[in-house]
Amino acid sequence: GEHRKPCSLLSQACKALVDLLCRNGNVCDLESKKFELLSHFLIDLPDSVYNIWAEQFLRELERQRITSDIQYLPISRKLTAINVDHFPKVNVRTLSACLTKNPSAEIFRCKYESFFWNCKELKLVERSITSLDKLRSLILHHINLENNSPGFLKNIGAHCKALRALDLSYGRIPQTELDVIHSSFPSLESLALLQKTSLDPCLNNTEQSIEILTNLKALTLFEDGASEWSAI
């Protein structure tokens with residue numbers, strides 16, 4: 001019947017695996033033999049299944065409020081998208097160590113946590129991102145680069161040559177960092193610099209918008225919250 005359908009079988013298999021891992025959620029730390037064995041087992045999952053399993057697994061960890069090192073099991077060379085917000089409680093140092101050992105992600109997304117990163121954590125995040133040489137989409141909302149990490153964007157641009165989409169909305173980003181976007185990310189197709197407040201709707205000024213629009217030849221979407229530039 002219903003359980004014989006391929007999609008149902010896949011869903012049931014992923015759920016069974018997630019349940020099994022969650023039952024051992026608090027007795028498996030990053031340096032343990034059990035963690036190593038599980039990592040080797042999970043890497044044998046078919047590529048088409050890996051991201052489905054990883055998403056279900058992190059969602060269930062969050063539901064059960066399991067915040068042990070087991071949450072880092074999905075990070076491997078097979079994981080194509082890193083969504084920091086899906087991790088129940090991120091230890092930036094551990095996350096960074098896992099990412100730099102498995103640099104295959106094409107998407108790095110963080111919409112909330114980055115607002116709380118301190119200077120040392122931000123440097124670790126920078127190191128993680130620059131290790132992702134296949135990265136095509138980078139979303140960092142609420143990031144604070146004021147007096148914290150000079151050269152952050154320039155360094156990422158120098159290492160992530162495949163980047164096509166960049167979203168730095170709702171952040172605290174100094175003009176010196178914004179000035180390098182058009183020269184550091186020449187292949188961008190999508191750029192978002194939206195702001196929350198209507199009193200100061202855009203991070204960049206008119207001159208910077210002109211630099212971006214005239215230099216980024218591949219750009220098809222540009223959103224900065226200003227009516228004269230947005231959604232070009």
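Note that the structure is a prediction, hence the values are computed from the model and not measured.

**A look at the environment of Phe 185**
Within the secondary structure, Phe 185 sits in the loop between helix H8 (181-184) and strand E5 (190-192). Taking the relative accessible area as the measure of exposure, Phe 185 reaches 3% and is therefore buried. In this structure Phe 185 touches Leu 153, Ile 156, Gly 157, Leu 163, Leu 166 and Leu 216, once residues within four positions along its chain are discounted.

**Brief notes about the packing of aromatic side chains**
One pass over the structure, following the stated rule, counts three aromatic pairs. On the numbers, 5.3 Å between centres and 15° between planes, the contact of Trp 53 with Phe 57 is stacked. With Trp 53 and Phe 57 both in helix H3 (residues 47-64) and four residues apart, this pair spans about one turn of that helix. An identical accessibility class is assigned to Trp 53 and Phe 57; each is buried.

**A closer look at the confidence of the model for the protein chain**
On average, residues of the protein chain carry a pLDDT of 84, and 88% of them reach 70 or more. Mean pLDDT values for the elements of the protein chain range from 77 in helix H1 (residues 6-23) up to 97 in strand E4 (residues 165-167). Per-residue pLDDT stays below 50 along residues 1-5; that stretch engages in five contacts with residues further than four places along the chain or on separate chains.

**Focus on unusual backbone geometry**
Of note in the backbone geometry, Arg 65 takes a positive phi value of approximately 60° without being a glycine. Looking at the secondary structure, you find Arg 65 in the loop between H3 and strand E1 (81-83). A positive phi angle, close to 65°, is found at His 142, a residue other than glycine. With respect to the secondary-structure elements, His 142 resides in the loop between strand E3 (137-140) and helix H6 (152-159).

**A look at the pairing of E3**
Burial along E3 is two-sided: Ser 137 and Ile 139 and Leu 138 and Leu 140, pointing in opposite directions, are all buried. When strand E2 (residues 107-110) meets E3, the two strands line up parallel, connected through four bridges. Residue pairing in the sheet places Cys 110 in a bridge with Leu 140 of E3. Crossover handedness for the path E2 to helix H5 (residues 119-130) to E3: right-handed. Sheet topology note: the E3/E4 ladder contains three bridges and is parallel. Its bridge partner being in E4, Leu 138 is matched across the sheet by Leu 166.

**Some points on the pattern of salt bridges**
Applying the stated criterion to the full structure yields seven salt bridges. Notably, a salt bridge pairs Asp 19 with Lys 15, separated by 3.1 Å at the nearest N-O pair. Of this pair, Asp 19 and Lys 15 both sit in helix H1, four residues apart, roughly one helical turn. Here Asp 19 falls in the partly exposed class, since its relative accessible area comes to 25%. For Lys 15, a relative accessible area of 46% translates into the label partly exposed. Across the pair Arg 63 and Glu 60 runs a salt bridge whose closest N-O atoms are separated by 2.7 Å. With Arg 63 and Glu 60 both in helix H3, this residue pair falls three residues apart, about one helical turn. In this structure Glu 60 comes out as buried when scored by relative accessible area, which is 16%.

**A few points about empty space enclosed by the protein**
The final tally for this structure, using the stated rule, is one cavity of 30 Å³ or more. Each pocket or cavity is described by its volume, and for the largest cavity that value is around 40 Å³. What lines the largest cavity is Val 92, Leu 95, Ser 96, Leu 99, Phe 108, Trp 117, Val 125 and Ser 128. Secondary structure elements with two or more residues in the lining of the largest cavity: helix H4 (92-101) and H5. When residues in the lining of the largest cavity are grouped by element, the largest group, four residues, is from H4. In terms of residue class, the lining of the largest cavity is made up of six nonpolar, two polar and no charged.

Reading guide: rules and limits
Numbering of residues starts from 1 in every chain and runs along the sequence as written. For this predicted model, a pLDDT threshold of at least 70 governs which residues receive local features, and a threshold of 80 or more governs which side-chain atom pairs are given and counted, while totals over whole chains, interfaces and linings are taken from all residues. Side-chain figures throughout are based on the complete set of non-hydrogen atoms in the structure, without hydrogens or water. Put simply, DSSP H or I for four residues or longer makes a helix, DSSP E for two residues or longer makes a strand, and each gets a number counted from the N terminus. Here the term buried applies to any residue with accessible area under 20% of the maximum for its type, exposed to any over 50%, and partly exposed to those in between, with areas from a 1.4 Å probe on protein chains only. Whether two residues touch is decided by their heavy atoms; if any such pair falls within 4.5 Å, the residues are in contact. By convention, a stacked pair of Phe, Tyr or Trp rings (six-membered ring in the case of Trp) has centres within 6.5 Å and planes under 30 degrees apart, an edge-to-face pair has planes over 60 apart, and any other such pair is tilted. Per residue, pLDDT measures the predictor's confidence, with a range of 0 to 100. For two strands to be treated as a pair, DSSP must find at least two bridges joining them. Clockwise travel from the first strand over the helix to the second, with the strands pointing away from the viewer, marks a crossover as right-handed. By definition, a salt bridge exists where a carboxyl oxygen of Asp or Glu is found within 4 Å of a side-chain nitrogen of Lys or Arg. Only protein atoms enter the 1 Å grid used here, on which a cavity is any set of points holding a 1.4 Å probe that cannot leave and a pocket is any open set flanked by protein within 12 Å on both sides along at least five of seven lines; residues with an atom within 4 Å of a point are listed as lining. Grid points are joined across faces, edges and corners, and a volume is the space filled by probe spheres set on the points. Gly is placed with the polar residues, together with every amino acid not listed as nonpolar (Ala, Val, Leu, Ile, Met, Phe, Trp, Tyr, Cys and Pro) or charged (Asp, Glu, Lys and Arg).

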